[in-house]
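Breakdown of the fold
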Amino acid sequence: MASPEIETLTQALARLPGLGPRSARRAVLHLLKKRETALAPLLRALEAVNERLATCSICGNVDTTDPCGICADPRRDARALCVVEDVPDLWALDRSRLFPGRYHVLGGRLSALEGVRPEDLRIDSLVSRIAAGGIDEVVLAMNATLEGQTTAHYIAERIERFPIRLTQLAHGLPVGGELDYLDEGTLAQALRARRPVA
Ligand SMILES: [Zn+2]
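What counts as what
- Residues numbered from 1 in each chain as written.
- Predicted model: local features only at pLDDT ≥ 70, side-chain atom pairs only at ≥ 80, totals over all residues.
- Heavy atoms only, no water.
- Helix = DSSP H or I, 4+ residues; strand = E, 2+ residues; numbered from the N terminus.
- Buried < 20%, exposed > 50% of the residue type's maximum accessible area, 1.4 Å probe, protein only.
- Contact = heavy atoms within 4.5 Å.
- Areas by Shrake-Rupley, 256 points an atom, 1.4 Å probe, with all protein chains shown as cover.
- Lys, Arg positive; Asp, Glu negative; His and termini not counted.
- Charge placed at Lys NZ, Arg CZ, Asp CG, Glu CD.
- Pairing = 2+ DSSP bridges.
- Right-handed = clockwise from strand over helix to strand, strands pointing away.
- Polar contact = N/O pair within 3.5 Å; in protein donor to acceptor, adjacent residues only side chain to side chain.

When you go through the chain residue by residue, the secondary structure sums to eight helices and seven strands. Structurally, the chain occupies a C-alpha span of about 65 × 35 × 35 Å along its principal axes. Taken across its 198 residues, the chain has 39% of its residues classed as buried. A separation of at least 24 residues holds for 57% of the contacts in the chain among residues at least 6 apart in sequence. Here the chain displays about 11,700 Å² of accessible surface, and carbon together with sulfur accounts for 56% of that area. One finds the centroid of the 25 positive side-chain charges in the chain at a distance of 6 Å from the centroid of its 26 negative side-chain charges.

Of the two faces of strand β5 (residues 137–140), the one lined by Glu137 and Val139 and the one lined by Val138 and Leu140 are each fully buried. Pairing analysis gives four bridges linking strand β3 (residues 77–84) to β5, with the strands arranged parallel. Within β5, the residue paired with alanine 80 across the bridge is glutamate 137. In the sheet, β5 pairs with strand β6 (residues 165–168) via four bridges, with the strands oriented parallel. For glutamate 137, the partnering residue across the bridge sits in β6 and is arginine 165. As a crossover connection, the stretch from β5 through helix α7 (residues 146–159) into β6 is right-handed.

A separate point is the side chain of aspartate 94. If you trace the backbone, aspartate 94 turns up in helix α5 (residues 87–94). Engagement of the side chain of aspartate 94 in a polar contact is seen with the side chain of tyrosine 103, the distance being 2.8 Å. If we skip the residues at most four places from it in the chain, aspartate 94 touches Ile70, Arg76, Phe99 and Tyr103.

Here you go:
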């Protein structure tokens, strides 16, 4: 029987996405055995992130600085903006620098079922960013789910009055596909073959 402290740690890890009780027990055992090389560095990394955790006031990304590293990077193409539902989608797209521009994180998707309305998402701040000018292309990179596409249509209507090229990811995306789960090849293809919003 593990001590209450070890049990608490195991349960906390087991609640993480992608882990379960079994993986959590294995991870804890590893951390206990490798105190200096695994446990201590992990603890320092967690503390460092926890101290500096910030949501980017421009794009909604999660980082340890505000503005985030992407918004602050002058090498990024400021004329191209990619709109995503949530932070994991941004990270998936940005993993291999597939998109040269900047991002805008909505913080979810419209959902009648879950009661998510336009004002619950960062849509007004998206419109403000575009209205401020300097943006030539907006890519709608919503997930290929019904709610994702409903969200894309709503946004397209809200920003159609601006003189921008409005595109969306190609339908090479599997229906119901969540960006976060796609491999980089599929994602790159969907981005390269992006097409104008009808
Ligand atoms: Zn940002």
